[in-house]
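Topology and contacts: notes
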Amino acid sequence: MLAILIFAIFLDLIIGEPPLLAHPVVYVGKISEKLIKPYRGKMYGVFIWVSSVVPVLLLCLLPIYVQIRIVEMLMLVYVLKTTFSIRLLYSIVARASPLREDSRKVVQNIVRRDLSNASMGHVASAAIESLFESMVDGITSPIFWFLFLGLPGALLQRFANTMDSMVGYKTAELIREGYFSAKIDTILNYIPARLTALFMLLAGLLLGLNVRKAVSSLREAKMESPNAKYPISIAAGLLGVRLEKMNQYSVGFGDLPTSTHIELALILFKMTLLLYLVTILVCYYYFYGFSLLSYPYGLIELL
C-alpha cells in the first residue's frame, strides 16, 4: 500500500496527467453533464450523484481483483494517480508568472470567475487562491482519504469534488439539485482543509514568513466556503497580501499580489506538500508497514 502511493506520486511528478480518454474523473463529469436538468429538486441531485459516481468508482476498483499481482499493482498505481494532480496544478500557476496579458488565459483554466477584464492584481490573486484551494481539493484531501479508506476513499473524494464543480452552484437553476453534491464535498474536505492549513503554517515558519499575520488573516476571514477559507486566508497572511474575489470576499492585508508573490506562493506550495507527504508516508508505514503488493483498503483491512 505504501509502495502504491509512492509510485503514484512519482508517476504524477514525472509524467503528469493521463489522456482524457483514460481519466476516470472525465467520465464522472460526462455522465453528470448528461443528467443535469435545471430547477430539479434535492432528490434528483442525489440521483445524479449516485448515477455519476458509483459506476465509475466500481470500474476503477476492478484492478483489485486482478490475479497477476504485478499487473494489479501497476493498475492501482495508475488509478490512484488520477485522484491527484500535483504537476498539472503547479505548472499552470507557474506559467502565469511573470504577469502579462496571456496570464488571464492561463489562470482562467483553473478558476470559475471571469478574468477577461480583471486587473493583473486580481489575476495574480485568482492564481494564488486556486493554487492553495486546489491543493486541498485535488492533492491533500484524496491522499488523506487514501490513508484511512484506501483507494475507494481517494476515488470517492475526487469524484465528489468533481460533482461539486459540475452541479454544486448556488444559482436559481442548480441550488437545490446541487445541494447534495456540495454537501458531500464539504464533508470530505472538512478535515483535510484544516490539516493542510496547519502544514502551511509550519511551512511558512520554516520559510521565515509571517505566521502571526496568517493566523490573524484566518480569524478575520469572512468567506462563504467553510473549507476554502483555511488555505486561502492562511496563504494571504503568509504572503503578506490581500486575496480578493470581486463582490465575494477579500482576505488578508495589504495590496493585491504581484508576480513576486506568485513565485513565493509556489515555494510555499512545494514546502507544504513536502512536509505533508512525508508525514503521510510515515503514518502509512506505522499503520500498515511496507508491503510492495498489498490490497489498498486502508483501515478497512485492519478491522
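Residues numbered from 1 in each chain as written. Predicted model: local features only at pLDDT ≥ 70, side-chain atom pairs only at ≥ 80, totals over all residues. Heavy atoms only, no water.

1. Points about the pairing of strand β2 (residues 249-252)
Bridge count for strand β1 (residues 242-245) against β2 is 4 bridges, and the pairing is antiparallel. Each residue of the ladder has a partner; that of Leu-243, found in β2, is Val-251. Linking β1 to β2, which pair antiparallel, is a turn of 3 residues; within it Asn-247 sits at a positive phi near 65°. (Pairing = 2+ DSSP bridges. Helix = DSSP H or I, 4+ residues; strand = E, 2+ residues; numbered from the N terminus.)

2. Remarks on the packing of aromatic side chains
Considering all chains together, one arrives at 8 aromatic pairs under this definition. Ring geometry for Tyr-44 against Phe-47: centres 5.6 Å apart, planes inclined by 40°, an arrangement best described as tilted. Of this pair, Tyr-44 and Phe-47 both sit in helix α3 (residues 42-60), 3 residues apart, which is roughly one turn of the helix. Look at Phe-47 and you get partly exposed, because its relative accessible area is 42%. Summarising the aromatic geometry, the rings of Phe-144 and Phe-148 are spaced 4.9 Å apart at their centres and angled 55° between planes, so their arrangement reads as tilted. Taken as a pair, Phe-144 and Phe-148 lie in helix α7 (residues 120-167) at a separation of 4 residues, close to a single helical turn. The class for Phe-144 is buried, based on a relative accessible area of 8%. Through successive ring pairs, a cluster of aromatic residues spans Phe-144, Trp-145 and Phe-148. For the cation-ring pair, Arg-40 lies above Tyr-44, with the distance from its terminal atom to the ring centre recorded as 4.3 Å. (Phe/Tyr/Trp six-rings, centres within 6.5 Å; stacked < 30°, edge-to-face > 60°. Buried < 20%, exposed > 50% of the residue type's maximum accessible area, 1.4 Å probe, protein only. Lys NZ or Arg CZ within 6 Å of the ring centre and 35° of its normal.)

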